[in-house]
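Examining the three-dimensional arrangement
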Amino acid sequence: MIKDRITVTSPLLPNLEELHVMLQKIWESKWITNNGSFHKLLEKELADYLKVPYVSLFTNGTLPLITALQALHITGEVITTPYSFVATTHALWWNGIKPVFVDIEWETGCIDPTKIEAAITPKTTAIMPVHVYGKPCNVAAIQKIADKHGLKVIYDAAHAFGVEVDGKSILLAGDMSTLSFHATKVYNTVEGGAMIMQDEQTKRHIDYLKNFGFKNETEVIAPGINSKMDEIRAAIGLLNLQQVDLAIEARHQVAIKYREALQNVEGISFWDDMPGVRHNYGYFPIFVDAARYGMTRDELYFKMKEDGILGRRYFYPLISEFSTYRGLPSASRENLPIAHRMADMVICLPMHHLLSDGDVERILNHIVK
């Protein structure tokens with residue numbers, strides 16, 4: 001008999017009584033979407049929490065990526081990573097843009113800046129890096145390349161809620177950053193997302209684009225899309241913002257337990273915290289060296305799964321391995337050796353704020369010999 005399942009993540013949920021009070025206000029106002037009071041308040045409170053100048057809320061985390069590409073008039077080719085959730089590259093494809101994959105760093109899982117320049121062609125217009133597992137990219141090196149070649153930089157920061165480097169939000173890097181507030185993330189609005197921008201004019205333009213391009217009742221300034229967040233999810237977001245720091249600290253304590261138990265396990269490696277970085281502990285990836293551990297990644301993964309421990313091989317397979325993209329020249333295995341190595345070795349262990357000491361012990365009992 002399989003024991004109770006331990007899921008790879010668990011959603012942060014607001015107190016139902018507090019949510020009911022906010023729902024009552026929505027019901028009384030009958031204003032349930034289209035820039036209502038909770039929507040406006042959440043944008044302001046998120047900007048304060050994240051230490052960024054402007055936030056524009058979206059109905060999910062993919063649409064701000066698609067909209068950022070539209071807003072910056074990105075065309076041709078965009079250099080990106082194969083080691084991410086597939087939405088990163090789908091956003092390019094939906095805009096008629098050719099993704100160009102470059103390899104990643106073993107130390108972070110993020111795009112390797114030293115590989116970017118060799119991939120630039122006359123058709124390259126932007127770079128789209130990903131802060132993988134919330135670990136910051138080398139934003140200084142990426143920006144230096146972008147400035148040298150006149151390229152835009154859009155960061156997929158879906159995993160990087162609240163991440164800071166030396167007290168400064170990682171979301172300030174590049175021309176724009178996008179966030180996901182999906183239920184699986186550290187902070188969620190059930191479904192949702194956001195775009196971070198640097199100035200009021202860009203914020204206004206993005207707000208037009210996510211509302212069909214309407215500037216006012218009778219004027220449409222661009223072919224926009226409908227990607228607004230509704231009031232109900234904004235209310236959930238406001239309540240979750242009040243408890244996200246406690247949830248992050250609970251995740252931090254789980255990470256400490258994992259590291260203490262795994263530090264001397266032959267064939268299992270993991271990342272420590274980066275100096276000067278405020279992490280959000282959204283994920284805890286381990287990497288299985290089969291030759292040294294005596295078991296392959298998949299053998300360990302399925303062994304855990306049989307006992308109801310639902311880790312995740314995240315990101316496996318690579319985006320470049322999916323049928324839509326595998327024919328691209330940059331998708332060849334030879335071009336992406338580090339990304340393939342990481343994808344073949346990774347298991348993200350369960351990581352969320354509700355894991356008990358018993359849960360953690362049960363997980364570790366499958367890994368520590």
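Residues numbered from 1 in each chain as written. Predicted model: local features only at pLDDT ≥ 70, side-chain atom pairs only at ≥ 80, totals over all residues. Heavy atoms only, no water.

1. Comments concerning the side chain of R251
One can find R251 in helix α7 (residues 231-262). Although R251 lies buried, it forms no salt bridge, and the closest oppositely charged side chain, D245, sits 11 Å away as judged by the N-O distance. Setting aside its immediate chain neighbours within four residues, R251 contacts T9, K185, V186, N280, Y281, G282, M351, H352 and H353. (Helix = DSSP H or I, 4+ residues; strand = E, 2+ residues; numbered from the N terminus. Buried < 20%, exposed > 50% of the residue type's maximum accessible area, 1.4 Å probe, protein only. Lys, Arg positive; Asp, Glu negative; His and termini not counted. Salt bridge = Lys/Arg side-chain N within 4 Å of Asp/Glu carboxyl O. Contact = heavy atoms within 4.5 Å.)

2. Notes on the pairing of strand β1 (residues 54-58)
Among the five residues in β1, four count as buried, and that is most of the element. Of the strand pairs in this sheet, β1 and strand β9 (residues 193-197) are connected by five bridges, and their pairing is antiparallel. When the bridges of β9 are listed, Y54 appears paired with M197. (Pairing = 2+ DSSP bridges.)

3. A look at the sheet that holds strand β11 (residues 277-278)
Strand order in the open sheet formed by three strands is β7-β6-β11, with antiparallel pairing between adjacent strands. Pairing within the sheet leaves two strands with one partner each, and these edge strands are β7 (168-169) and β11. Examined bridge by bridge, strand β6 (residues 164-165) and β11 share two bridges and lie antiparallel to one another. From the neighbouring strand, V165 faces β11, where its bridge partner is V277.

4. With respect to the nonpolar core
Note on soluble globular proteins: their nonpolar side chains tend to be buried together. The biggest cluster of nonpolar side chains holds 62 residues, and the ones touching the most others in it are L46, Y258, L262, I286, L300, L349 and I367. In terms of residue count, α7 provides more of this core than any other element does, 13 residues in total. I111, V153, Y155 and V346 belong to the second largest nonpolar core, which has 41 residues in total. (Core = buried A, V, L, I, M, F, W, Y, C linked by side-chain atoms within 4.5 Å.)

5. A short note on the sheet that holds strand β2 (residues 77-80)
Sheets are built from strands paired through backbone hydrogen bonds, the pairs being either parallel or antiparallel. Read from one edge of the open sheet, seven strands run β1-β9-β8-β5-β4-β2-β3, paired in mixed fashion. Looking along the sheet, the strands with just one partner apiece sit at the ends: β1 and β3 (98-101). Shown here is a sheet whose adjacent strand axes are inclined to one another by a mean of 25 degrees, direction ignored. In this structure, β2 lies alongside strand β4 (residues 124-128), joined through four bridges in parallel fashion. Bridge assignment links E77 to a residue of β4, and that residue is T124. Contacts from helix α2 (residues 37-50) reach β1, β8 (176-180) and β9, with the element oriented near 130 degrees to β1. Helix α5 (residues 139-149) rests against β4 and β5 (152-156) of the sheet, and its axis sits at about 150 degrees to β5. (Axes fitted to C-alpha atoms, helices over the stretch in contact; angles between N-to-C directions.)

6. Some thoughts on the layout of surface pockets
Counted as a void, the largest pocket has a volume near 530 Å³. Secondary-structure elements contributing two or more residues to the lining of the largest pocket are α4 (87-94), β8 and β13 (346-349). When residues in the lining of the largest pocket are grouped by element, the largest group, three residues, is from β8. Classifying every residue of the lining of the largest pocket by side-chain character gives 13 nonpolar, 13 polar and four charged. (1 Å grid on protein atoms, 1.4 Å probe; cavity = no way out; pocket = protein on both sides within 12 Å on 5 of 7 lines; lining within 4 Å. Points joined across faces, edges and corners; volume = space filled by probe spheres on them. Nonpolar A, V, L, I, M, F, W, Y, C, P; charged D, E, K, R; others polar.)

7. Section: unusual backbone geometry
Each neighbour pair has its own omega, and for Y314 with F315 the value is 25 degrees, a cis peptide bond. Looking at the element boundaries, F315 is found in the loop between α9 (297-306) and α10 (337-345). The amide bond that connects Y316 to the next residue, P317, takes the cis arrangement and shows omega of -5 degrees. Relative to the elements of secondary structure, P317 occurs in the loop between α9 and α10.

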